[in-house]
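Working through the structure, step by step
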Amino acid sequence: MGPMNDERITSPAAVLLDLDGTLVDTVGTRIEAWMRTFGEHDIPADRRFVAELIGADGKRLAHEVAARDGRTLDEDAAEGIDARSGQIYSELNTDPRPLPGVTDFLDAVESAGLPWAVATSSRREQVGRSVAALRRATEPRIVDGSSVRRAKPAPDLLLAAAATIHVDPAACWCVGDSTWDMRAAVAAGMTPLAVLAGSAVSADALAAAGAQLTVERIDHLIPMLERPMNR
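My aim in this report is to walk through the structure given alongside it, one point at a time.

So, how was this worked out
- Residues numbered from 1 in each chain as written.
- Predicted model: local features only at pLDDT ≥ 70, side-chain atom pairs only at ≥ 80, totals over all residues.
- Heavy atoms only, no water.
- Helix = DSSP H or I, 4+ residues; strand = E, 2+ residues; numbered from the N terminus.
- Rg over C-alpha atoms; globule rule 2.2 N^0.38 Å.
- Buried < 20%, exposed > 50% of the residue type's maximum accessible area, 1.4 Å probe, protein only.
- Contact = heavy atoms within 4.5 Å.
- Areas by Shrake-Rupley, 256 points an atom, 1.4 Å probe, with all protein chains shown as cover.
- Lys, Arg positive; Asp, Glu negative; His and termini not counted.
- Charge placed at Lys NZ, Arg CZ, Asp CG, Glu CD.
- Axes fitted to C-alpha atoms, helices over the stretch in contact; angles between N-to-C directions.
- Parallel < 35°, antiparallel > 145°, perpendicular 65-115°, else oblique.
- Left-handed = near helix turned anticlockwise from the far one by under 90°.
- Nonpolar A, V, L, I, M, F, W, Y, C, P; charged D, E, K, R; others polar.
- Salt bridge = Lys/Arg side-chain N within 4 Å of Asp/Glu carboxyl O.
- Core = buried A, V, L, I, M, F, W, Y, C linked by side-chain atoms within 4.5 Å.
- Disulfide = S-S within 2.5 Å.
- Phe/Tyr/Trp six-rings, centres within 6.5 Å; stacked < 30°, edge-to-face > 60°.
- Lys NZ or Arg CZ within 6 Å of the ring centre and 35° of its normal.

**Digging into the overall build of the protein**
Secondary structure summary: the protein contains 10 helices and 6 strands in total. At 17 Å, the protein has a C-alpha radius of gyration in line with the 17 Å of a compact globule built from 231 residues. Its C-alpha atoms give the protein principal-axis dimensions of roughly 55 × 35 × 35 Å. Of all 231 residues assigned to the protein, the portion counted as buried reaches 55%. Counting only contacts in the protein whose residues sit at least 6 apart along the sequence, the fraction spanning at least 24 positions is 67%. A total of about 10,000 Å² of accessible surface is found on the protein, and carbon and sulfur atoms cover 47% of it. Computing the positive centroid from 24 side-chain charges and the negative centroid from 34, the protein places the two 1 Å apart.

**Things to note about the packing of helix α1 (residues 27-40) against helix α4 (residues 75-92)**
Running from N to C, α1 and α4 cross one another at 130°; their axes reach a closest spacing of 8 Å. Between α1 and α4, the crossing angle belongs to the class labelled oblique. For the pair α1 and α4, the sense of crossing is right-handed. Judged by residue contacts, Thr 29, Arg 30, Glu 32, Ala 33, Trp 34, Arg 36, Thr 37, Phe 38 and Glu 40 of α1 engage Ile 81, Asp 82, Arg 84, Ser 85, Ile 88, Tyr 89 and Leu 92 from α4. Split into classes, the residues belonging to the contact of α1 with α4 amount to 7 nonpolar, 3 polar and 6 charged.

**As for the pattern of salt bridges**
Evaluation of the coordinates by the stated rule reveals 17 salt bridges. One salt bridge connects Glu 40 with Arg 84, and the closest N-O pair in it is separated by 2.8 Å. Of the two residues, Glu 40 is situated in helix α1 and Arg 84 in helix α4; the sequence distance between them amounts to 44 residues. Glu 40 sits in the partly exposed class, given a relative accessible area of 45%. Across the pair Arg 136 and Asp 107 runs a salt bridge, and its minimum N-O distance is 2.7 Å. Taken as a pair, Arg 136 in the loop between α6 (124-133) and β3 (141-143) and Asp 107 in helix α5 (residues 102-111) lie far apart in primary sequence, 29 residues in all. When salt bridges with common partners are traced through the structure, they connect Asp 57, Lys 59, Glu 79, Asp 82 and Arg 123 into a single cluster.

**Notes on the nonpolar core**
Within the largest apolar cluster, 30 residues are counted, with the highest numbers of intra-cluster contacts made by Val 15, Leu 17, Phe 105, Trp 173, Val 175, Ile 218 and Leu 221. Looking at this core, the elements that each hand over two or more residues are β1 (14-17), α5, β2 (116-119), α6, β4 (172-176), β5 (191-195), β6 (213-215) and α10 (222-226). For Phe 105, the residues in contact, after removing those within four places along its chain, are Val 15, Leu 17, Trp 173, Ile 218, Asp 219, Leu 221, Ile 222 and Leu 225. Counting residues in each nonpolar core, the second largest holds 20 residues, with Met 35, Ile 43, Ala 51 and Val 65 among its members.

**A few points about the state of the cysteines**
A complete count under the given rule lists 0 disulfides for this structure. Cys 172 carries a free sulfur, and the closest cysteine sulfur to it, the one in Cys 174, is 9.0 Å from it. You can call Cys 172 buried: its relative accessible area is 1%.

**Re the packing of aromatic side chains**
Using the criterion set out here, one finds 1 aromatic pair in the structure. Between Trp 34 and Phe 38, the ring centres sit 5.5 Å apart and the planes meet at 25°, which makes this aromatic pair stacked. In this pair, Trp 34 and Phe 38 are both assigned in helix α1, 4 residues apart and thus about one turn of the helix distant. Cation over ring: Arg 68 sits above Phe 49, and NZ or CZ is 4.3 Å from the ring centre.

Here is the structure:
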């Protein structure tokens, strides 16, 4: 899949970006952390099933994997499993790298004078190393899962991020790699755009979740950033 320029996509007033699998190559590390966590708790977990849940709220992920084994977790148990997965992830995530095209894309967003923010379901203490790997001149705005009561696929996280940068949600792009990102963007009334470079799911699944366009690499979206405003 090469660079694409879909004329149906309106240029944005701001860009909201998922972190894991969208900006940094950490999805595999996330999956491994969850698999080890479920192993510690003697909960059978299918790696592909876990992969499809990456990007959702961690407590939801814990509930769904347990339910697949016929178990019901109370909120304290789900919270504990989510927290433990975060601890293991932090231990494993020693050298995160930006995904292909990310640096060029962020440079283009900033050159166009567009505000942008990271909107991630992750806990705040898990994002520092990955954000630092982006090597931006100034610290990006970050809205994390602890900022809202309901994480993705609820729209709360994205709406909070739009409020942080003072932009109408309808004028925002939401760029992500998971079905949860796309569903949250639809619910928030944003333009959902999907990138496959770090994704654990297929282009078909992303489109079914609401992606208006799916690209192989995030820098393939640059021509649409540079198009004159169409609002």
